[in-house]
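# Results of the structural survey
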Amino acid sequence: MDIRQLTYFLGVAEELHFSRAAEKLFIVQPALSRRIQQLEEELGVLLFERDKRNVKLTAAGSYFREEISRLQHQLNYITEQTRRIHSGEVGKIRMGHPGSALYSVLPETLAMMYERFPDINVQLTEIAELELMQALKNYEIDVGFTREMTVNERFSTELLFEEHFALVVPSDYPINESNFEDIRQCREAEFILPKIDVDVNYGKILHGIFEEKGFRPKVVYHSNYGATILRLVEKKLGISVLPISYRHGASALGVRFLKLPTVTQLYLIWRADDTNAVLPHLREIAGAAAKKLCLDGL
């Protein structure tokens, strides 16, 4: 018994006429009759009652048609799902991201991903830069948003966008857009900053903002989570320096962003040998989301 034989059976069961069924199935009528006879012999049952004028299903034939039809629908579904999984329309991808991505490219990426591929499951993990790289190495995530450019051949990166850093101060802070010149005006202020090693590129850039102006910031709190930093600044526990994209999620907070000349980049990073079929779709959509973000005025 094979799939073609079952297809022939269903064709005859639908038409209840061998000649019409043979025409629809693109097979000559004698050959169709032989295939049905072989099926009946293999099953050891009579599927059709037939004479020179009429063909009708036996009770066994009616049951067989119902069950085979159900299996055919299931097989069609399995075949279609297999194709969609292969093409990356169905699947799962695990994504790591820094907190800043929540205020920039991540929401738009997820919205576009759901609109185009609603059957893809995206699992999110907010994760610090150094931990993100380790998570990729350990196959704990499949892709990440990072501010670290890597030369490691195990990984591939793609630049999404570049943005300025900003000085983040309470909304009633004495330094504002009209009198802000550079960060040296804050040399006596207390800062809330991420605890990032200077060996990390993001850390070098962040520390360089202060070194360029000839002072070290007085850090009273450390946090690697931007949302936490924003709330501490709002409570006037210190001021901070963050990527300016954080302002997109801080409109309801009592903080102000003053643009600095220093810039930082956000990359997409993944394992170079990853064969996850969802990954190319995510890369394309993240790039489109970044372009839209820049057009909207990052």
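So, a few notes on the structure that sits alongside this text. This structure is a prediction, so every number in the text was calculated from the model and none was measured.

Relative to strand E4 (residues 120-126), strand E3 (residues 91-97) runs parallel, the two sharing 7 bridges. In the sheet register, Met 95 faces E4, and the bridge partner there is Leu 124. Remark: the E3/helix H5 (residues 105-116)/E4 crossover connection has right-handed handedness. With 2 bridges connecting them, E3 and strand E5 (residues 143-146) associate as parallel partners. Note that in E5 the partner of Gly 96 across the bridge is Gly 144.

For the structure shown, the criterion picks out 21 salt bridges. The closest approach of N and O atoms between Arg 70 and Glu 67, which form a salt bridge, is 2.7 Å. Linking Arg 70 with Glu 67, this pair stays in helix H4 (residues 59-86), spanning 3 residues, or about one helical turn. For Arg 70, a relative accessible area of 45% gives the class partly exposed. What emerges from the salt-bridge pattern is a single network uniting Glu 80, Arg 83, Arg 84, Glu 89 and Asp 119.

For the rest of this paragraph, the subject is the environment of Gly 203. For Gly 203, the location among the structural elements is in helix H7 (residues 201-211). In this structure Gly 203 comes out as buried when scored by relative accessible area, which is 0%. Along the chain, Gly 203 and Glu 148 lie 55 residues apart, while their C-alpha atoms are 9.8 Å from each other.

Glancing now at unusual backbone geometry. Positive phi outside glycine occurs at Leu 16, with the angle close to 50 degrees. Examined against the element boundaries, Leu 16 turns out to sit in the loop between helix H1 (3-15) and helix H2 (18-25). Here the phi dihedral of Lys 236 falls at roughly 65 degrees; this positive angle occurs in a residue that is not glycine. Take Lys 236: it is sitting in the loop between helix H8 (226-234) and strand E9 (240-243).

For the rest of this paragraph, the subject is the side chain of Glu 15. With respect to the helices and strands, the residue Glu 15 is situated in helix H1. Not counting chain neighbours up to four residues away, the residues in contact with Glu 15 comprise Arg 20, Ala 21 and Lys 24.

Definitions and limits used
- Residues numbered from 1 in each chain as written.
- Predicted model: local features only at pLDDT ≥ 70, side-chain atom pairs only at ≥ 80, totals over all residues.
- Heavy atoms only, no water.
- Pairing = 2+ DSSP bridges.
- Helix = DSSP H or I, 4+ residues; strand = E, 2+ residues; numbered from the N terminus.
- Right-handed = clockwise from strand over helix to strand, strands pointing away.
- Salt bridge = Lys/Arg side-chain N within 4 Å of Asp/Glu carboxyl O.
- Buried < 20%, exposed > 50% of the residue type's maximum accessible area, 1.4 Å probe, protein only.
- Contact = heavy atoms within 4.5 Å.

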